[in-house]
Amino acid sequence: MITSPLQLPAPAPLFTRAGWSACAVALLAVCALAPVLNLWLPAGSLLHLSDYTVALLGKIMCYAICALAMDLIWGYTGILSLGHGLFFALGGYVMGMYLMRQIGRDGNYQSALPDFMVFLDWKALPWHWALSDSFAATLVLIVAVPGLVAWVFGYFAFRSRIKGVYFSIITQAMTYAAMLLFFRNETGFGGNNGFTDFKRILGQPIATQNMRMLLFVLTGLTLLGFFVLARALVRSKFGLVLQAVRDAESRVMFSGYAPLPYKLTIWTISAMMCAVAGALYVPQVGIINPGEMSPANSIEIAIWAAVGGRATLIGPIIGAFIVNGAKSWLTVAAPEFWLYFLGALFIAVTLFLPGGVMGLVRQCKNRLGAWP
Amino acid sequence: MPRRFPLLWASLALWAATAGPARALTAGQALAMAAGSTDERVAAVQQAVLDADERTAAFLQALADDAVQLAAGKALIVRGDQGQDPVTGAEAPLPEDAEEIINNNRMRGEIDTALAGLALLGQDPARRLAAAQALMRAPDAGRLALLDKALAQETHAPIRARLELARAAAMLGSADASLRRAAAQTLSASATPDTRRLLNERAALEDDAQVQAALQAALRAIDGRLAWGERLGALFSGISLGSILLLVALGLAITYGLMGVINMAHGELMMIGAYATFAVQGVFRQYLPAAFDWYLVAALPLAFAASALVGAVLERGVLRFLYGRPLETLLATWGISLVLMQLVRTLFGAQNVGVENPAWMSGGVQLLPNLTLPYNRLVIIGFALAVLLGMGWIIARTRLGLWVRGVTQNRPIAACMGVNTARIDTLAFALGSGIAGLAGCALSQVGNVGPDLGQNYIVDAFMVVVLGGVGQLAGTVYAALGLGVLGKFLEGWAGAVLAKIAVLVFIIIFIQKRPQGIFAAKGRSFE
């Protein structure tokens, strides 16, 4: 008997028309609207975007990239990392080293060495600063260093089939150990204070309005680009295997897949995305220190993803905006309430909103759809 | 002044009577000690001590008390508005333009050692011993003559030995190379960290090859003798750290190990125990100052109860909705920990609060010259052992323990047998939390008590439980002690922070090899 060839459904498009339009609107908002509102509208105008808001939005977009990276590894692969703050900080430190070299002799001590090295009475740059004067090398190292760290750590962890809570806890140990290491002066990363007092990037002054806008637009484009990339990843066959690993890893193995390469690849990609976010964050905020590696920061990234809704990609981005927006408002309005709010948010989301904001939206949609 | 140092006075008077006619303090000497450059004053003080009488001692004490003023080329002791001539002791008019004398730190140290030197010649053996020890720590070749004099009249053997050492220590700074060599040989016979430090300091400055060789030989001899004390010391502090880790991890062994709740608020439950101890201390200080030494005993049940209550509320209010979703208990309890931390900040302030050791916990037993075991550490080791035994007893021997084991092994069957599983969950979580409170009470005796207390221990606590093997009490004990001892030995070798990093890396590698911890639960399941 001749059977008809298996009918596979046509692959779903990356985005529907509405999805692409939303992306286009976001692109327009970042590339055209924000610069116009910030640079060209007079400060008194109602629609004027203040420098403070630009800096805040730029910072939150960096966080949103982290949340997106977290969604790939946690939401889609089921691996909760409590160490993503490390990759964020490593990317930031690579960028920070470049920015420190760009200060040149304009530091407090007028030395070619960064100020903290003069302070420690060092005579030459340590070996790991060798490539820090080249912007091209910096761009490569921003993803290469955290990527390598993630790959090595992930290889050994996934090979021994460490998963679930164990994996979360050893990633926490990893970032904690790195934080202790970076706090030390002799590791050559500025110790407690980290890097600050940046003056130039690519020879241009860093604190001007135009430069700030440029970095903002760059961050927005990166966020959009990563969003499209993540969407393509999770819709591909590769992404489907990841979701299968999340839901039933043993069955994936019994079906003839080795989960290790899948997990390792998405883990490394996620770490690299976080690192890029860190590298964009440092010039906009003007400081990087080992506090970024504290376990608390990594856990917060997971919260952004949980608040927005896991395994939705757009949800974690929204979550990052909601939580950090609330943070910047609350820490000014009622500083002592910030931790109460954040804590209550953690509890409320896990208890009442397991699907996060996106889950809520979906519920509302279903209700409305059922409306006669 | 005689009221303050009766012994010194009595002994000086006696010494003045028996040692024959001594030259008394002169006005010139007093002036030299009070005015001029620090170098000149130091020399004058050292000279004056050699033939001191009670007037010299009184004058030195006045100098130490900032009670000397310069007026018209004379040094006067000033007490209140009253001027006094240091030589005659007669009242002296205090002119308007009298100038206060300022002693720098070096001068203060010199005056203190000079007073100690005078005590060397005193009557009370305990004071003489203390003085010899003080001089040993601040050796100066200028005091050789004084030490010789003290040695000549000392009859008490232990004090003589101390004096010999102090004399050798002073000789190390002598300009004569042969004296220095002899000193190195004398010092090599003693084995205290103090002598080693002195020899090391001298060795760094020494130019003479022969003396250098003698110094090195002495250092080697001392190192050999001190090595045991150091090893035992590292072992003891390792066990002490391990007992703290054990206390911190024991509660978690129940809530995480048995119940599967990733309780990130465990540290904050310890913090609550520590603050409960602080509160009890305050109550005792206010209302029962006579029984203050026993406040800790009263604080123990209260710390347990406070943390257990908070734990029970958490379990009833939040965690029971999350069983079976460990990663979400992690997030929810992290949120709880933030709220608890902020609550403590609001109630007690963001600063660390002071919790005192009761008197019976301060001090320690000295076993070797360089090995002292502090009482508070010993008490905590004993306490950790007691908590461990108590918990083992509850889990293995009581009805509650039986139910907890039953519920964790097979919830549906336990429920079928009539066990109220929800209540057991609450009780077990409260028990784990209460043990965290006990740990907090213990921690308040060795570290800072502040809103961040829990954050400092939470990573460690999880490491211990994971390394030991989840649900394995024996594993928790081995992991806590092992990590404590390993950490302290590495610390002696690489410093505290690097040791901590090395331990974390070690755990990460160990988990690779044995993902289930030291004691893996036996079973055939694939997962």
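How each quantity is defined
Residues numbered from 1 in each chain as written. Chains lettered and ligands numbered in written order. Predicted model: local features only at pLDDT ≥ 70, side-chain atom pairs only at ≥ 80, totals over all residues. Heavy atoms only, no water. Pairing = 2+ DSSP bridges. Helix = DSSP H or I, 4+ residues; strand = E, 2+ residues; numbered from the N terminus. Buried < 20%, exposed > 50% of the residue type's maximum accessible area, 1.4 Å probe, protein only. Axes fitted to C-alpha atoms, helices over the stretch in contact; angles between N-to-C directions. Parallel < 35°, antiparallel > 145°, perpendicular 65-115°, else oblique. Left-handed = near helix turned anticlockwise from the far one by under 90°. Contact = heavy atoms within 4.5 Å. Phe/Tyr/Trp six-rings, centres within 6.5 Å; stacked < 30°, edge-to-face > 60°. Lys NZ or Arg CZ within 6 Å of the ring centre and 35° of its normal. Expected span 1.5 Å × (residues − 1). Core = buried A, V, L, I, M, F, W, Y, C linked by side-chain atoms within 4.5 Å. Domains from an automatic or database assignment. 1 Å grid on protein atoms, 1.4 Å probe; cavity = no way out; pocket = protein on both sides within 12 Å on 5 of 7 lines; lining within 4 Å. Points joined across faces, edges and corners; volume = space filled by probe spheres on them. Nonpolar A, V, L, I, M, F, W, Y, C, P; charged D, E, K, R; others polar. Buried area = accessible area lost by both parts, 1.4 Å probe. Salt bridge = Lys/Arg side-chain N within 4 Å of Asp/Glu carboxyl O. Polar contact = N/O pair within 3.5 Å; in protein donor to acceptor, adjacent residues only side chain to side chain. pLDDT = per-residue confidence, 0-100. UniProt positions renumbered as here; feature names shortened; annotations may be inferred.

Student: Please explain the sheet that holds strand E5 (residues 99-100) of chain B as it appears in this structure.
Tutor: Whenever strands of a sheet pair, they do so through backbone hydrogen bonds, lying parallel or antiparallel. All names here are of chain B. The strand order E4-E3-E2-E1-E5 describes an open sheet built from five strands, whose pairing is antiparallel. Edge positions in the sheet fall to strand E4 (91-92) and E5, since each has one partner strand and no second. Note: strand E3 (residues 82-84) against E4, two bridges, orientation antiparallel. The residue bridging Gly83 from the neighbouring strand is Ala92, located in E4.

Student: For this particular structure, what's the right way to read unusual backbone geometry?
Tutor: If a residue is not glycine, its phi is most likely negative; likewise, a peptide bond is most likely trans. Residues and elements named next belong to chain A. Residue Arg161 is not a glycine yet carries a positive backbone phi of 55°. For Arg161, the position within the fold is in the loop between helix H5 (135-159) and helix H6 (164-183). Judged by its relative accessible area of 29%, Arg161 is partly exposed. Of note in the backbone geometry, Leu202 takes a positive phi value of approximately 55° without being a glycine. Of the residues examined, Leu202 reaches a relative accessible area of 52% and is grouped as exposed.

Student: Would you mind showing me how to read the packing of helix H3 (residues 84-102) of chain A against helix H10 (residues 259-285) of chain A here?
Tutor: For any two helices packed against each other, the geometry comes down to the angle between their axes and how far apart the axes lie. All names here are of chain A. Remark: H3 packs on H10, axes separated minimally by 7 Å, with the N-to-C direction vectors making an angle of 45°. With respect to H10, the axis of H3 lies oblique. The crossing of H3 and H10 is right-handed. Residue-level inspection shows His84, Phe87, Phe88, Gly91, Gly92, Met95, Gly96 and Leu99 of H3 in contact with H10, the latter providing Trp267, Ser270, Ala271, Cys274, Ala275, Ala277, Gly278, Ala279, Tyr281, Val282 and Pro283.

Student: Explain the packing of aromatic side chains here, please?
Tutor: The relative placement of two aromatic rings is captured by the distance of their centres and the angle of their planes. Residue and element names in this part refer to chain A. By the definition in use, this model includes 33 aromatic pairs over all chains. Between Phe15 and Trp20, the ring centres sit 4.8 Å apart and the planes meet at 75°, which makes this aromatic pair edge-to-face. Of the residues examined, Trp20 reaches a relative accessible area of 41% and is grouped as partly exposed. With a centroid separation of 5.7 Å and 25° between ring planes, the pair formed by Phe238 and Tyr262 is classed as stacked. Remark: Tyr262 occurs in helix H10 and Phe238 occurs in helix H8 (residues 237-247); sequence separation between them is 24 residues. Of the two residues, Phe238 and Tyr262, neither departs from the other in class, the shared state being buried. Grouping aromatic residues by their ring pairs yields a cluster made of Tyr93, Phe116, Trp129, Phe182, Phe189 and Phe195. A cation over an aromatic ring shows up here: Arg310 above the ring of Trp74, its NZ or CZ 4.4 Å from the ring centre.

Student: Which parts of the structure should I look at to understand helix H13 (residues 295-317) of chain B?
Tutor: One full turn of an α-helix is made of 3.6 residues, so residues set three or four places apart face in the same direction. Residue and element names in this part refer to chain B. Here H13 is 23 residues long and its end C-alpha atoms lie 32 Å apart, about the 33 Å a rise of 1.5 Å per residue gives. Residues Tyr295, Leu296, Ala299, Ala303, Ser307, Ala308, Gly311, Ala312, Leu314 and Glu315 constitute the buried set of H13. In this structure, the buried side of H13 is in contact with helix H12 (266-287), helix H14 (326-348) and helix H18 (421-443).

Student: Where do I start with the nonpolar core in this structure?
Tutor: Inside soluble globular proteins, nonpolar side chains tend to come together where they are buried. If you look at the biggest cluster of nonpolar residues, it comprises 209 residues, and the most contacted ones within it are Trp74(A), Phe195(A), Trp267(A) and Tyr256(B). Top element by residues in this core is helix H2 (residues 51-75) of chain A. It accounts for 14 residues. Filtering out sequence-adjacent residues up to four positions away, Tyr256(B) remains in contact with Val165(A), Ile169(A), Val261(B), Ile262(B), Phe462(B), Val465(B), Val466(B) and Val470(B). Grouped together as the second largest cluster of nonpolar side chains are 62 residues, Val49(B), Leu151(B), Ala214(B) and Leu219(B) included.

Student: Where do I start with the domain arrangement of chain B in this structure?
Tutor: Accessible area lost upon the coming together of the parts is a frequently used measure of interface size. We note that the domain assignment places domain 1 (6-175) and domain 2 (231-291 + 299-359 + 399-513) within chain B. The distance between the C-alpha centroids of domain 1 of chain B and domain 2 of chain B comes to 55 Å.

Student: Help me out: how do you make sense of empty space enclosed by the protein in this one?
Tutor: It is a probe the size of a water molecule, rolled over the atoms, that shows where empty space is left. All names here are of chain B. Per the counting criterion, the structure on display carries five cavities of 30 Å³ or more. Its boundaries defined by the atoms lining it, the largest cavity holds a volume of some 60 Å³. Listing elements by their share of the lining of the largest cavity, those giving two or more residues are helix H3 (38-50) and helix H5 (105-120). Considered class by class, the residues forming the lining of the largest cavity number four nonpolar, three polar and two charged.

Student: Looking at this structure, I do not really get the interface of chain A and chain B. What am I missing?
Tutor: Taken together, the contact pairs 44 residues of chain A with 41 residues of chain B. Summing both partners gives a buried area of about 3900 Å² for chain A against chain B, and 75% of it is carried by carbon and sulfur. At the boundary of chain A and chain B, one finds one salt bridge. The residue Arg310(A) makes a salt bridge to Glu328(B) at a minimum N-O spacing of 2.8 Å. On the surface where chain A and chain B come into contact, there are three residue pairs in polar contact (both at pLDDT 80 or more). Contributing elements (two or more residues each) for the side of chain A that touches chain B: H5, H6, helix H9 (249-254), helix H11 (295-308) and helix H13 (338-352) of chain A. Among the elements that take part in the side of chain A that touches chain B, H6(A) stands out by supplying twelve residues, more than any other. Its residues assigned to classes, the side of chain A that touches chain B shows 33 nonpolar, six polar and five charged.

Student: Which parts of the structure should I look at to understand the confidence of the model for chain B?
Tutor: Regions with low pLDDT carry predicted coordinates that are not meant to be interpreted in detail. Residues and elements named next belong to chain B. Averaged over every residue, the pLDDT of chain B is 83; residues scoring 70 or more account for 94%. Segment residues 13-22: pLDDT under 50, and six contacts once partners within four positions in sequence are set aside and those in other chains are kept. Predicted complex, confidence summary: ipTM 0.85, pTM 0.76.

Student: What is the right way to look at the pairing of strand E1 (residues 68-71) of chain B in this model?
Tutor: The side chains of a regular strand alternate, first on one face of the sheet and then on the other. All names here are of chain B. Where burial is concerned, the two faces of E1 agree: the one with Val68 and Leu70 and the one with Gln69 and Ala71 are both buried. Sheet topology places E1 next to strand E2 (residues 74-79); four bridges connect them, and they run antiparallel. Counted as the bridge partner of Leu70 is Ala75 from E2. The antiparallel pairing of E1 with E2 creates a hairpin that spans two residues between the two strands, and Ala72 there sits at a positive phi of about 50°. Of the strand pairs in this sheet, E1 and E5 are connected by two bridges, and their pairing is antiparallel. Its bridge partner lying in E5, Leu70 is registered against Glu99.

Student: Sorry, what's going on with the environment of Leu202(A) here?
Tutor: Mapped onto the fold, Leu202(A) is located in the loop between strand E2 (200-201) and strand E3 (204-205). On a C-alpha basis, the gap between Leu202(A) and Gly78(A) in space is 40 Å, while along the polypeptide they are 124 residues apart.

Student: What exactly am I supposed to notice about the UniProt feature "transmembrane region" (unreviewed entry) in chain B here?
Tutor: Residues and elements named next belong to chain B. Those residues carrying the UniProt feature "transmembrane region" (unreviewed entry) are residues 235-257, 269-288, 294-314, 326-344, 378-396, 461-481 and 493-511 in this numbering. Secondary structure across residues 269-288 divides into 95% helix and 0% strand, with the first and last C-alpha atoms of the span separated by 27 Å. Helix makes up 100% of residues 378-396 and strand 0%, with an end-to-end C-alpha separation of 27 Å.

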